[in-house]
Amino acid sequence: MSLRSDAQSIISASIRAVQPDAAVQRALRGREFPGRVVLAAAGKAAWQMAKAARDCLGDRISAGVVVTKYGHVSGPIPGCTCYEAGHPVPDENSFQGAQAVLDLVSGLTEQDTVIFLLSGGGSALFEKPLVPGEELQDVTSQLLSSGADIVEMNTIRKRLSAVKGGRFAQLCAPARVFAIVLSDILGDPLDMIASGPACADQSTCEQALAIAEKYRLTLTPRAKELLAQETPKALDNVETQITGSVRELCAAAASAARELGYEPVILTDLLACQAREAGAFLASIARTHQGRGKKLAFLAGGETVVKLTGSGRGGRNQELALSAAQGIEGLDSVLVFSLGSDGTDGPTDAAGGIVDGRTASVLREQGLLIHQVLEDNDAYHALAKADGLIVTGPTGTNVNDVAVALIGG
């Protein structure tokens, strides 16, 4: 088999291994819910998680609302209304979907239960803003282009929202909330995953204001006022189970590589740096270890960031892969790929990028220099010209990213 076919096998096996279906059903099976049960699901994996819950509980769920990303609803779910909405910037459908959830949980009693299925992407998809929608979209866009990491972004976003930072759980009271959370943030901080709608907030006003200053955010007086208002610090109506994380994604990728004859090395499952730096680092590791007659797989899981310096199109995984292409140019037995487990990388239809020792020269022959492409943040179009896009479509899960350097021996 070729390096590329091996990479595809690893990608497919990894995504299959982190599907949330079984974990959601394990969390629900055998539980007793005395009163009415309603289901609310938000995030990129919301449809898949909601379907698993409905398959498990059937008509025990009296009604449900699912809010997920465009193109992520794969069919009707009995008793549930599905919304598709904007990501990574919230849109009117994000607001409408969130309002439908709030209508669903309104008027519940202390005997009732809200099954809340949460996954990454919920910060944009599940939103009731405390500032005008256009203003929230502008702040979100500023954060996305600033190079801020996900914790910093969510520290700001939860304070501009009526449902984030534990406020959704407060709105469900006196009903109980049973939350099943698919983690997409390093270290699984519950209050930061999708900005923690059902989790007491650990961040502070001082931190939020410092982040706004650090990235020189342009904020209205109302937004600044909200950053100075504290979020709920204690909740007494929530029980939470975390299912899935980037650790599982890395372990699955390592297992798949091992079955193909590679010796896998998980470098980290806490990767958090600029995407192009991560790509250069993986390339340097590959250069060090290639040519030794051993099949090796070096893996790094986490979530990198992109600081926008141009006006191109791409995502962090595509930028990571394209950056790696510079470092492995000319190497016949090395391939690097990076993908988002949700199947969408940034504002594109690609899950990530895949490159080898020929990618840089292929692009150069077409008049493209990788360092210039990276400066314009246009990895998508460059990779498309080098057969370097990974396209999976929506996967139904979302547990961060994994990048892999394969050495063929």
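Structure first, text after, so check above.
Only a predicted model underlies this, so the values are computations on that prediction, with no experimental measurement involved.

(A) Representation of the overall build of the chain in the model. Looking only at helices and strands, the chain features 16 helices and twelve strands. Counting across all 409 residues of the chain, residues that qualify as buried make up 59%. Contacts in the chain between residues far apart in sequence, at least 24 positions, make up 82% of those at least 6 positions apart. Working note: accessible area of the chain is about 15,600 Å², and carbon and sulfur atoms make up 50% of it.

(B) Expanded view of the packing of aromatic side chains. Within the structure shown, the criterion is met by four aromatic pairs. Aromatic side chains Phe33 and Phe178 sit 6.3 Å apart centroid to centroid with 45 degrees between the ring planes, which places their arrangement in the tilted category. Placement of Phe33 in the loop between helix H2 (21-28) and strand E1 (37-42) and of Phe178 in strand E5 (residues 176-182) is noted, with a sequence separation of 145 residues between them. Here Phe33 falls in the buried class, since its relative accessible area comes to 9%. Using a relative accessible area of 2% as the deciding quantity, one classes Phe178 as buried. Put simply, the rings of Phe116, Phe126 and Phe168 pair up and form one aromatic cluster. The ring of Phe178 has Arg31 lying over it, and the distance from NZ or CZ to the ring centre is 4.0 Å. Its end group placed over the ring of Tyr262, Lys295 keeps NZ or CZ at 4.4 Å from the ring centre.

(C) Highlighting the sheet that holds strand E12 (residues 401-407). Spatial strand order, E7-E8-E12-E9-E10-E11: six strands in an open sheet with mixed pairing. Among the strands making up the open sheet, the edge pair consists of strand E7 (263-271) and strand E11 (389-390). Here E7 pairs with strand E8 (residues 296-302) via six bridges, running parallel. Directly across from Val265, in E8, lies its bridge partner Phe298. Sheet contacts for helix H11 (residues 246-259): E7, E8 and E12; angle to E7, the most-contacted strand, approximately 165 degrees. This element, helix H12 (residues 275-289), spans E7, E8, strand E9 (334-340) and E12 of the sheet and lies at about 25 degrees to E12.

(D) Expanded view of the nonpolar core. Counting 52 residues, the largest nonpolar core has Leu28, Leu39, Leu117, Ile180, Phe337, Leu339 and Leu406 as the members making the most contacts within it. When residues no more than four places from it in sequence are discounted, the contact partners of Leu339 are Ile11, Ile15, Asn317, Ala351, Gly352, Ile390, Asp401 and Val402.

(E) Expanded view of the side chain of Thr348. With respect to the secondary-structure elements, Thr348 resides in the loop between E9 and strand E10 (352-356). A polar atom in the side chain of Thr348 sits 2.7 Å from the backbone oxygen of Asp345. Looking at Thr348, its side chain comes within polar contact range of the main-chain nitrogen of Ala350, at 3.2 Å. Thr348 has contacts with Arg313, Gly314, Gln318 and Tyr380, leaving out every residue within four places of it along the chain.

(F) Fine view of the side chain of Ser161. Mapping Ser161 onto the fold places it in the loop between helix H7 (150-157) and helix H8 (167-172). Polar side-chain contacts of Ser161 include one of 3.2 Å to the backbone nitrogen of Lys164. Excluding its chain neighbours within four sequence positions, the residues that come into contact with Ser161 are Glu127, Lys128, Pro129, Leu130 and Arg167.

Rules used in this analysis
- Residues numbered from 1 in each chain as written.
- Predicted model: local features only at pLDDT ≥ 70, side-chain atom pairs only at ≥ 80, totals over all residues.
- Heavy atoms only, no water.
- Helix = DSSP H or I, 4+ residues; strand = E, 2+ residues; numbered from the N terminus.
- Buried < 20%, exposed > 50% of the residue type's maximum accessible area, 1.4 Å probe, protein only.
- Contact = heavy atoms within 4.5 Å.
- Areas by Shrake-Rupley, 256 points an atom, 1.4 Å probe, with all protein chains shown as cover.
- Phe/Tyr/Trp six-rings, centres within 6.5 Å; stacked < 30°, edge-to-face > 60°.
- Lys NZ or Arg CZ within 6 Å of the ring centre and 35° of its normal.
- Pairing = 2+ DSSP bridges.
- Axes fitted to C-alpha atoms, helices over the stretch in contact; angles between N-to-C directions.
- Core = buried A, V, L, I, M, F, W, Y, C linked by side-chain atoms within 4.5 Å.
- Polar contact = N/O pair within 3.5 Å; in protein donor to acceptor, adjacent residues only side chain to side chain.

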